[in-house]
Amino acid sequence: MVNPMAGEVALVLDGERRVLKLTLGALAELEEALGAESLVALVERFETGGFRARDVMALLLAGLHGGGHPLPASALLSAEIEGSAVEAARVAGLLLARAFNPAGAAG
């Protein structure tokens, strides 16, 4: 079960539903992976539509790690994402939104 108030989002990878969450450690991992100057700069990338596929993958990987799924990046790169790239981007954006405003992030 997903708890949006705890910042959780679900994603189906290779037919398995997983819960993702951006913990503080996951956010630090994300900052480093993307070379973001700040979390605000990272959020702005998504708000302005200036994100890249690499940003989406890094967000999903950090969320998986924060949700207790220690997958290597290579496993995510080769995974079948239900809903394809559109769903991956939607989940990444929702994950980021819920990390900072769980009450206001519907979806």
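Below is a summary of the structure that appears in this document. (Residues numbered from 1 in each chain as written. Predicted model: local features only at pLDDT ≥ 70, side-chain atom pairs only at ≥ 80, totals over all residues. Heavy atoms only, no water.)

On to the pattern of salt bridges. In total, this model carries 2 salt bridges according to the counting rule given. Here Arg18 ties to Glu16 by a salt bridge, and the two come within 3.3 Å at their closest N and O atoms. Judged by relative accessible area, Arg18 falls into the buried class, the value being 15%. Its relative accessible area of 42% is what places Glu16 among the partly exposed residues. A salt bridge links Arg90 to Glu87; its shortest N-O distance comes to 2.9 Å. One end of the pair, Arg90, and the other, Glu87, are both in helix H5 (residues 84-100), 3 residues apart, so they sit about a helical turn from each other. A residue is classified by how much of its surface remains accessible, and Arg90, at 41% relative accessible area, is partly exposed. (Salt bridge = Lys/Arg side-chain N within 4 Å of Asp/Glu carboxyl O. Buried < 20%, exposed > 50% of the residue type's maximum accessible area, 1.4 Å probe, protein only. Helix = DSSP H or I, 4+ residues; strand = E, 2+ residues; numbered from the N terminus.)

Moving on: the environment of His65. Looking at the element boundaries, His65 is found in helix H3 (residues 53-66). Taking the C-alpha atoms as reference points, His65 and Glu16, 49 residues apart in sequence, are found 15 Å from one another. Residues within four places of His65 in sequence aside, it is in contact with Glu29, Pro70 and Leu71. In this structure the side chain of His65 is engaged in a polar contact, spanning 2.7 Å, whose partner is the backbone oxygen of Leu71. (Contact = heavy atoms within 4.5 Å. Polar contact = N/O pair within 3.5 Å; in protein donor to acceptor, adjacent residues only side chain to side chain.)

General note: in soluble globular proteins, nonpolar side chains tend to be found buried as a group. By size, the foremost hydrophobic cluster in this structure holds 30 residues, and its most contacted members are Leu11, Leu13, Leu22, Leu30, Leu59 and Leu60. Only strand S1 (9-13), helix H1 (24-34), helix H2 (39-47), H3 and H5 provide two or more residues apiece to this core. In this structure, Leu13 is in contact with Arg18, Leu64, Leu71, Leu76, Ala79, Glu80 and Ile81, ignoring residues within four places of it in sequence. (Core = buried A, V, L, I, M, F, W, Y, C linked by side-chain atoms within 4.5 Å.)

Moving on to the pairing of strand S2 (residues 16-20). Bridge count between S1 and S2: 5 bridges; the pairing is antiparallel. When the bridges of S2 are listed, Leu13 appears paired with Glu16. The loop that links S1 with its antiparallel partner S2 comprises 2 residues; one of these, Asp14, has a positive phi angle of about 50°. (Pairing = 2+ DSSP bridges.)

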